[in-house]
Amino acid sequence: EMHLKVKFAADGRVTGYQLVQRSGDAKADATVTRAAALVTQVAGLSEAFIAKNRDGVIVRFKVTPQ
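Residues numbered from 1 in each chain as written. Predicted model: local features only at pLDDT ≥ 70, side-chain atom pairs only at ≥ 80, totals over all residues. Heavy atoms only, no water.

A short note on the nonpolar core
By size, the foremost hydrophobic cluster in this structure holds 11 residues: Met2, Leu4, Val6, Phe8, Val14, Leu19, Ala28, Val32, Ala36, Ile50 and Val57. Going through the elements one at a time, strand S1 (2-8), strand S2 (14-21) and helix H1 (26-38) are the ones with two or more residues in this core. Considering each element in turn, this core owes the most residues, 4 residues, to S1. Each residue touching valine 14, except ones within four places of it in the same chain, is listed here: Val6, Lys7, Phe8, Val39, Thr40 and Gln41. (Core = buried A, V, L, I, M, F, W, Y, C linked by side-chain atoms within 4.5 Å. Buried < 20%, exposed > 50% of the residue type's maximum accessible area, 1.4 Å probe, protein only. Helix = DSSP H or I, 4+ residues; strand = E, 2+ residues; numbered from the N terminus. Contact = heavy atoms within 4.5 Å.)

Quick notes on the side chain of histidine 3
Within the secondary structure, histidine 3 is located in strand S1. Judged by its relative accessible area of 13%, histidine 3 falls in the buried class. Here the side chain of histidine 3 touches glutamate 1 through a polar contact of 2.7 Å, side chain to side chain. Not counting residues up to four positions away in its chain, the partners in contact with histidine 3 are Gln18, Leu19, Val20, Gln21, Ile58, Val59 and Arg60. (Polar contact = N/O pair within 3.5 Å; in protein donor to acceptor, adjacent residues only side chain to side chain.)

A look at the pairing of S1
For S1, a buried count of 5 out of 7 residues is recorded, marking the element as mostly surrounded by other parts of the structure. With 5 bridges connecting them, S1 and strand S3 (residues 57-61) associate as antiparallel partners. For lysine 5, the partnering residue across the bridge sits in S3 and is isoleucine 58. Here 6 bridges tie S1 to S2, and the two strands are oriented antiparallel to one another. Within the sheet, the bridge partner assigned to phenylalanine 8 lies in S2 and is valine 14. The hairpin formed by S1 and S2 contains 5 residues between the paired strands, and glycine 12 there has a positive phi angle of roughly 95°. (Pairing = 2+ DSSP bridges.)

Re the sheet that holds S1
Strand order in this open sheet of 3 strands is S2-S1-S3, and the pairing throughout is antiparallel. Because the sheet does not close on itself, it has two edges, and the strands there are S2 and S3. Within this sheet the neighbouring strands show an average axis-to-axis angle of 25°, counted without direction. H1 contacts S1, S2 and S3 of the sheet and is inclined by roughly 170° relative to S2. (Axes fitted to C-alpha atoms, helices over the stretch in contact; angles between N-to-C directions.)

Notes on the pattern of salt bridges
Overall, the coordinates contain 2 salt bridges when judged by the stated rule. Residue arginine 60 pairs with glutamate 1 through a salt bridge whose shortest N-O separation is 4.0 Å. One end of the pair, arginine 60, is in strand S3; the other, glutamate 1, is in the segment before S1, with 59 residues separating them in the sequence. On the accessibility criterion, glutamate 1 (40% relative accessible area) is partly exposed. The partner of arginine 13 in a salt bridge is aspartate 11, and the shortest N-O contact between them spans 3.0 Å. We classify aspartate 11 as partly exposed; its relative accessible area is 45%. (Salt bridge = Lys/Arg side-chain N within 4 Å of Asp/Glu carboxyl O.)

What follows is the structure in structure tokens.
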């Protein structure tokens, strides 16, 4: 499981992200980091949600081996 911390501006623009818990699989970690770099804004976030989460939101990813 990986945890990505994402920070937002008041208008929903992504102002930063950081992988705060790695999975132990460098390839999976790199994929999540590359995907995060492509997201520049999240539409539909309320001002209250952004204000409540000023320090960022943790997004959890779980990798299941095939």
